Amino acid sequence: MDYSTCIVLLVLCSKCVGVNIRKIEVPALVEVGTETVVLDCQYNVDVMSPRVGLVMKWFFNGSSGLVYQWIPPMRPQVIGLLKGKVDMNFKISDDPLQAYRAIKIRNPTTDLSGNYTCVVSTFLEEDRQTRTMLVYSPAQNFRFVQEKKYVFLVTLICSAENLYPRPVVVILSNGVPLKQAVTEMKMDSWGLYAVTTTAVVHDDDVARPWEEFVCELSLPQANYSCNRTTVYYPGLMPTAHIAAFEVNKPQERLSNSGTASTTNDSLVIILFLLLEVATH
């Protein structure tokens, strides 16, 4: 058989056993806490022979990250990152050449964020497509509080935990970010972020009789955002300690006049303690 005859036969055979991926379905965004997520690779196989040599694979972040392999009629294999996280009994079709083309992942976590590539091949052809999935973790323990240690200064503190991917946090006054805000970011062993943003504000810079501040937290890649609001009344006394006695003050309750009622409460406590000392 000469070379030209071999070429003709190969072309004819490629038409007999062709493969192409029609559609790959990988959710772009998945929130932590989702019970299951399905990655599906829909392909066509033109078969004129019972032995097509079909091999179906999933890769994570490149050709070196094989995570799933199925060679009909055998059972699929889960490898590497997805081991122990896939429902092995899940079938998406009764077709013997389509049954296990999809992966059903249980309880997806943030470390599964990345690029997923489906590769389908026969003896003569191969096709592949890639999609990206982001498993994001929204804010937990999201708090926005005031701390006042000095008469004319208030510290605004915004904090949140267990975030993924890297968050962006701003403190706003009348819709404008405070330039003096400082952000500290930490990552734990699971790759989750904890963030604290603080801003010190002088009473002279606060609109009277009060001003509303907003802490806005976002995960831009996940199209996720949330916020917390606090209202500050300038002129309040320090809230950390009562002078001279180092007794923690109760949480401030604002009176109808817009001043803190705890100022009078503090004076009462001090007078009471002085009377106690005098009587002994």
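Residues numbered from 1 in each chain as written. Predicted model: local features only at pLDDT ≥ 70, side-chain atom pairs only at ≥ 80, totals over all residues. Heavy atoms only, no water.

If you look the protein up in an unreviewed UniProt entry, it shows as Ig-like domain-containing protein from Iphiclides podalirius.

Which residues make up the sheet that holds strand β3 (residues 36-46), and what values do they have?
The sheet built from three strands is open, its strands ordered β1-β3-β7 with antiparallel pairing. Both outer strands of the open sheet, β1 (18-25) and β7 (103-106), are each paired with one neighbouring strand and no more. Neighbour-to-neighbour, the strand axes of the sheet open up by a mean angle of 15°, direction not taken into account. Across seven bridges, the pairing between β1 and β3 is antiparallel. If you follow glycine 18 over to β3, its bridge partner there is aspartate 46. (Pairing = 2+ DSSP bridges. Helix = DSSP H or I, 4+ residues; strand = E, 2+ residues; numbered from the N terminus. Axes fitted to C-alpha atoms, helices over the stretch in contact; angles between N-to-C directions.)

With reference to specific residues and values, describe the sheet that holds strand β6 (residues 77-78).
In any sheet, the strands associate via hydrogen bonds between backbone groups, in a parallel or an antiparallel arrangement. With respect to topology, six strands assemble into an open sheet ordered β2-β9-β8-β4-β5-β6, the strand pairing being mixed. At either end of the open sheet lies a strand with only one pairing partner, and these are β2 (29-31) and β6. In terms of strand pairing, strand β4 (residues 55-60) meets strand β8 (residues 114-121) through six bridges, oriented antiparallel. Paired with phenylalanine 59 across the strands is threonine 117, a residue of β8.

Requested: an account of the nonpolar core, with residues and values cited.
Counting 30 residues, the largest nonpolar core has Leu39, Tyr43, Met56, Trp58, Tyr68, Val120 and Met133 as the members making the most contacts within it. Residue assignment for this core shows that the elements contributing at least two residues are β1, β3, β4, β5 (66-70), β7, β8 and β9 (126-136). Counting residues per element, this core draws most heavily on β3, at five residues. Setting aside anything within four residues of it in sequence, one finds leucine 39 in contact with Glu25, Val26, Pro27, Trp58, Arg101, Ala102, Ile103, Ile105, Tyr116 and Met133. If you look at the next biggest cluster of nonpolar residues, it comprises 25 residues, including Tyr193, Val201, Cys215 and Leu217. (Core = buried A, V, L, I, M, F, W, Y, C linked by side-chain atoms within 4.5 Å. Buried < 20%, exposed > 50% of the residue type's maximum accessible area, 1.4 Å probe, protein only. Contact = heavy atoms within 4.5 Å.)

An account of the state of the cysteines is needed here, citing residue identities and associated values.
What the rule picks out here adds up to two disulfides. Disulfide pairing places cysteine 41 opposite cysteine 118 at an S-S distance of 1.9 Å. Residues cysteine 41 and cysteine 118 are joined by a disulfide whose S-S torsion is about -85°; by sign, that bridge is left-handed. Here cysteine 41 is found in strand β3, whereas its partner cysteine 118 is found in strand β8, with 77 residues between them in sequence. (Disulfide = S-S within 2.5 Å.)

I'd love a proper account of unusual backbone geometry, names of residues and values included.
The linkage connecting proline 72 with the following residue, proline 73, adopts the cis geometry, with an omega of 5°. Position of proline 73 among the secondary structure elements: in the loop between β5 and β6. A positive phi angle, near 55°, is found at asparagine 61, a position not held by glycine. With respect to the element layout, asparagine 61 can be found in the loop between β4 and β5. Overall, the relative accessible area of 43% leaves asparagine 61 in the partly exposed class. The backbone of asparagine 141 sits at a positive phi, close to 50°, despite the residue not being glycine. Within the element layout of this structure, asparagine 141 appears in strand β10 (residues 140-150).

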